[in-house]
Amino acid sequence: MQVIRIAALSDNYIFLLHDLKQNIAAVVDPAEAEPVLKKLKELKAELVAIFNTHHHQDHVGGNKQIMQQFPQVTVYGGAEDQGRIPGQQVFLQQGDRVHFADRIGEVFFIPGHTRAHIAYYFPPTQVGETGDLFCGDTLFAGGCGRLFEGTPTQMVDSLGKLRSLPDDTHVWCAHEYTLKNLQFALTVDSDNANLQSRYDEVKAYRSRGEATVPSLLGVEKLTNPFLRWDQPALQSATKTREPVQTFARLRGMKDQF
Ligand code: ZN
Ligand code: FE
């Protein structure tokens, strides 16, 4: 399975999963239809699935138009999103599995950004392969999503699930927010050498107009403040050692940043 990153709208990423053997494809969070249909035409591939992480327009905006072109496509989303995702046919819960070509995706229920948000994790199928995590707007490179419909307690639990995955997991998040996220991260974790060097790297990437997604989960664990609520530096920046409070205060500071 090959993952093709498609830039959309102002700062969204759409991901096309392509299986070369069967020449079939699946799309994660089609913000808009045009660039997806164009890429499918180029590949001459048949689209079999739309995997939505949550109901926001910049993640489901292309569903309807894509379904008109590919009437056989199956539309997946979270069970709690019933009625909010155009064309949704499959209602997924924590622990459910989805199939694409020879890969099996595990579903994580990760409320916080929205009350229904889910992630799809495709573990490696053989030695030398890495896992792929499609986490929508919950975990970003260097940051996390805003809490629109959930509580800090839920978000810590959700991010905790993602944090438990292997370090070499590719993190395919839905927005190019990395540079801004790391600028904030430096204000709360300034002595973190890994963070400083990541910031320099990302700054160079962005000055060349290059994407910073996917990132690696191991890098997130070392540099993303929203996965580091139990680290002394973040506890002292937020003046609390209580995990949910640490996270909530970080999120509040980022909202003001
Ligand atoms: Zn969103
Ligand atoms: Fe979004």
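Up top is the structure these notes are about.
These numbers were taken from a predicted model, which means no experiment stands behind them. (Residues numbered from 1 in each chain as written. Chains lettered and ligands numbered in written order. Predicted model: local features only at pLDDT ≥ 70, side-chain atom pairs only at ≥ 80, totals over all residues. Heavy atoms only, no water.)

Participant: Break down the coordination of the zinc ion (ligand 1) for me, with residues and values.
Facilitator: Here the zinc ion (ligand 1) is held by the protein donor atoms His54 (NE2), His56 (ND1), His113 (NE2) and Asp137 (OD), which lie 2.2 Å from it. Geometry at the zinc ion (ligand 1) is irregular, judged from its four donor atoms and the angles of 90 to 169° they form at the metal. Between consecutive donors of the zinc ion (ligand 1), the numbers of intervening residues give the motif H-x1-H-x56-H-x23-D. Between the zinc ion (ligand 1) and the iron ion (ligand 2), the interatomic distance is 3.4 Å, and Asp137 donates to each metal, bridging them. (Donors = N, O, S within 2.8 Å, 3.2 Å for Na, K, Ca; no water. Tetrahedral: all angles 85-135°; square planar, octahedral: opposite > 155°, others 65-115°.)

Participant: Explain the packing of aromatic side chains to me, using residue names and the numbers behind them.
Facilitator: Inspection of every chain in the model, using the stated rule, returns 13 aromatic pairs. When the centroid spacing of 5.8 Å and the interplanar angle of 55° are considered together, the rings of Phe15 and Phe134 count as tilted. With Phe15 in strand β2 (residues 12–19) and Phe134 in strand β10 (residues 132–136), the pair connects residues that are 119 residues apart, well separated along the chain. Classification of Phe15 by relative accessible area gives buried; the value is 2%. Accessibility expressed as a relative area gives 1% for Phe134, which makes it buried. Note on Phe122 and Phe134: the rings are 6.0 Å apart at their centroids and 80° apart in plane angle, and the pair reads as edge-to-face. Here Phe122, found in strand β9 (residues 118–122), pairs with Phe134, found in strand β10; they are twelve residues apart in sequence, far enough to count as distant. Positioned over the ring face of Tyr13 is Arg5, at 5.7 Å from the centre of the ring. (Phe/Tyr/Trp six-rings, centres within 6.5 Å; stacked < 30°, edge-to-face > 60°. Helix = DSSP H or I, 4+ residues; strand = E, 2+ residues; numbered from the N terminus. Buried < 20%, exposed > 50% of the residue type's maximum accessible area, 1.4 Å probe, protein only. Lys NZ or Arg CZ within 6 Å of the ring centre and 35° of its normal.)

Purely geometric numbers; function is a separate question.
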